[in-house]
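Residue-level structural notes
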Amino acid sequence: MTVADEKLTGERLVLTTSRGVVAWSLAAFAATAALGLWFISEATDLIDILWSWVGVICLAAAAGASVLALVRPPKLILTTEGFQLTGPLSPGLIPWSEVEGFDLYSEAATKDLDGQSVGGVPLHAVWRLKAGSPFAGQLVSKVNRSGGLSIDGSFPRNIGLAPEPLSTLLEQWRVRYG
């Protein structure tokens, strides 16, 4: 973590996503979308063309999200009251007293019938709310719980710290101020 990624002032800590990481992501999404457009121009099979358009549209959406993240990088703001993750679909300020704990979450990839690895979720920091928390009714928590996950929300993997140190830092703040 660099000084540009972290600002510590009294009892407030702000972690941000590096603009360099976002810029590389934007370049990768744009280049891959361009490759998809080239593939569409060369393809003759209708199914290939349709699926390629789906891919190009998804990559263009990811590139658009990267542009927004360049303008306003996501931030994780820790205060004595709680934590707030900014950006689209932000759950707002969640008080430390409402959090049961912070942990790490991942899912192993599985093998399909052809022996190819599919799915999986890389390791990332997550939060779990206390039973009966009014914040459990928020969209982020509902989406995670409705999918059968035992978490109420997760943090981006590039928010300023690797998943393990981020989870440890968040748990220290929860214990101190919760």
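As a reminder, the structure under discussion sits directly above these lines.
A brief look at the structure comes next. (Residues numbered from 1 in each chain as written. Predicted model: local features only at pLDDT ≥ 70, side-chain atom pairs only at ≥ 80, totals over all residues. Heavy atoms only, no water.)

Okay, helix α1 (residues 19–42) next. Taking 1.5 Å of rise per residue, the 24 residues of α1 would be expected to cover 34 Å, and the 35 Å separating its terminal C-alpha atoms lies within 8% of that figure. Among the residues of α1, V22, A33, G36 and I40 are the ones counted as buried. Tucked inside the fold, the buried residues of α1 contact α2 (46–71). Its side-chain oxygen placed 3.2 Å from the backbone nitrogen of G20, S18 serves as the N-cap of α1. (Helix = DSSP H or I, 4+ residues; strand = E, 2+ residues; numbered from the N terminus. Expected span 1.5 Å × (residues − 1). Buried < 20%, exposed > 50% of the residue type's maximum accessible area, 1.4 Å probe, protein only. Contact = heavy atoms within 4.5 Å. Polar contact = N/O pair within 3.5 Å; in protein donor to acceptor, adjacent residues only side chain to side chain.)

Okay, the side chain of E98 next. Tracing the backbone shows E98 in the loop between β5 (92–95) and β6 (99–107). Look at E98: it is buried, it has no salt bridge, and the nearest opposite charge is K130 at 7.1 Å. Of the polar contacts made by the side chain of E98, one reaches the side chain of S133; its length is 2.8 Å. Beyond its immediate chain neighbours, meaning those up to four positions away, E98 contacts L129, K130, S133, P134 and F135. (Lys, Arg positive; Asp, Glu negative; His and termini not counted. Salt bridge = Lys/Arg side-chain N within 4 Å of Asp/Glu carboxyl O.)

Another aspect to go through is a positive patch on the surface. Taken together, the side chains of R12, R19, R72 and K75 make up a positively charged region of the molecular surface. Considering the arrangement of structural elements, one finds K75 in strand β3 (residues 75–79). (Patch = residues over 30% accessible without salt bridge, like charges linked within 9 Å, V, L, I, M, F, W, Y side chains within 5 Å. Areas by Shrake-Rupley, 256 points an atom, 1.4 Å probe, with all protein chains shown as cover. Charge placed at Lys NZ, Arg CZ, Asp CG, Glu CD.)

What the rule picks out here adds up to three salt bridges. R176 is the partner of E11 in a salt bridge, and the nearest nitrogen-oxygen pair spans 3.9 Å. Placement of the pair is E11 in the loop between β1 (6–9) and β2 (12–16) and R176 in helix α4 (residues 163–177), with a sequence separation of 165 residues. A salt bridge links R174 to E171, with the nearest nitrogen and oxygen atoms 2.3 Å apart. Residue R174 and its partner E171 are both found in helix α4; the two are separated by three residues, about one turn of the helix. Residue R174 is classed as buried on the basis of its relative accessible area of 18%.

So, on to the nonpolar core. Of all hydrophobic cores here, the largest spans 21 residues; its most connected members are L76, L78, F83, F102, F155, L166 and L170. Elements represented by at least two residues in this core include exactly β2, β3, β4 (82–85), β6, β9 (121–129) and α4. The element best represented in this core is α4, accounting for four residues. Here L170 is in contact with L76, L78, W96, F102 and F155, once residues within four sequence places are set aside. (Core = buried A, V, L, I, M, F, W, Y, C linked by side-chain atoms within 4.5 Å.)

Side chains of L46, I47, L50, W51 and V54 sit close together on the surface and give an oily, nonpolar patch of about 550 Å² of accessible area. Within the secondary structure, W51 sits in helix α2.

With respect to topology, three strands assemble into an open sheet ordered β6-β9-β10, the strand pairing being antiparallel. On the outer flanks of this sheet lie β6 and β10 (153–154), each paired with one strand and no other. When β6 meets β9, the two strands line up antiparallel, connected through seven bridges. Looking across to β9, one finds that F102 is bridged to W127. Strands in contact with α4 are β6 and β9; relative to β6, the strand with the most contacts, it is inclined by about 170°. (Pairing = 2+ DSSP bridges. Axes fitted to C-alpha atoms, helices over the stretch in contact; angles between N-to-C directions.)

Now for the environment of G92. Tracing the backbone through its elements, the reader meets G92 in strand β5. C-alpha separation for the pair G92 and G82, spaced ten residues apart in sequence, amounts to 9.8 Å. Excluding its chain neighbours within four sequence positions, the residues that come into contact with G92 are F83, Q84 and L85.

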